[in-house]
Amino acid sequence: MNDNGSYRVTGDVELIDAEGNKFVTKQTFSLCRCGLSNNKPFCDGSHKGKFHSVVRATPSESQ
């Protein structure tokens, strides 16, 4: 995930919507998480200066 931006996906990933439609993807692509993209589900950079979110995973305790 990019601070104040998209989810970055890398690797051999198959992207399928709720109806089972497959999207053509590259080895690396970015998914919109702000809702402003004109190319959803992909990010087109529309978030710049308009979307703020910095999320961090909470470390789990060792058992």
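None of the values given here were measured: they were computed from a predicted structure.

Caption draft 1: Structural view of a nonpolar patch on the surface. Together, Met1, Tyr7 and Val55 make up an exposed nonpolar region whose accessible area comes to about 280 Å². Assignment of secondary structure puts Val55 in the segment after strand E4 (28-31).

Caption draft 2: Inspection of the pairing of E4 at higher detail. The alternating pattern of E4 places Phe29 and Leu31 on a buried face, while none of Thr28 and Ser30, on the opposite face, is buried. Two strands pair when backbone bridges link them, and strand E1 (residues 7-10) and E4 are joined in this way by four bridges, in the antiparallel orientation. Bridge assignment links Arg8 to a residue of E4, and that residue is Ser30.

Caption draft 3: Representation of the nonpolar core within the structure. Of all hydrophobic cores here, the largest spans five residues; its members are Val9, Leu15, Phe29, Leu31 and Phe42. Look past the residues within four positions of Phe29 in its chain and what remains in contact with it is Tyr7, Arg8, Val9, Val13, Leu15 and Phe42.

How each quantity is defined
- Residues numbered from 1 in each chain as written.
- Predicted model: local features only at pLDDT ≥ 70, side-chain atom pairs only at ≥ 80, totals over all residues.
- Heavy atoms only, no water.
- Patch = residues over 30% accessible without salt bridge, like charges linked within 9 Å, V, L, I, M, F, W, Y side chains within 5 Å.
- Areas by Shrake-Rupley, 256 points an atom, 1.4 Å probe, with all protein chains shown as cover.
- Salt bridge = Lys/Arg side-chain N within 4 Å of Asp/Glu carboxyl O.
- Helix = DSSP H or I, 4+ residues; strand = E, 2+ residues; numbered from the N terminus.
- Buried < 20%, exposed > 50% of the residue type's maximum accessible area, 1.4 Å probe, protein only.
- Pairing = 2+ DSSP bridges.
- Core = buried A, V, L, I, M, F, W, Y, C linked by side-chain atoms within 4.5 Å.
- Contact = heavy atoms within 4.5 Å.

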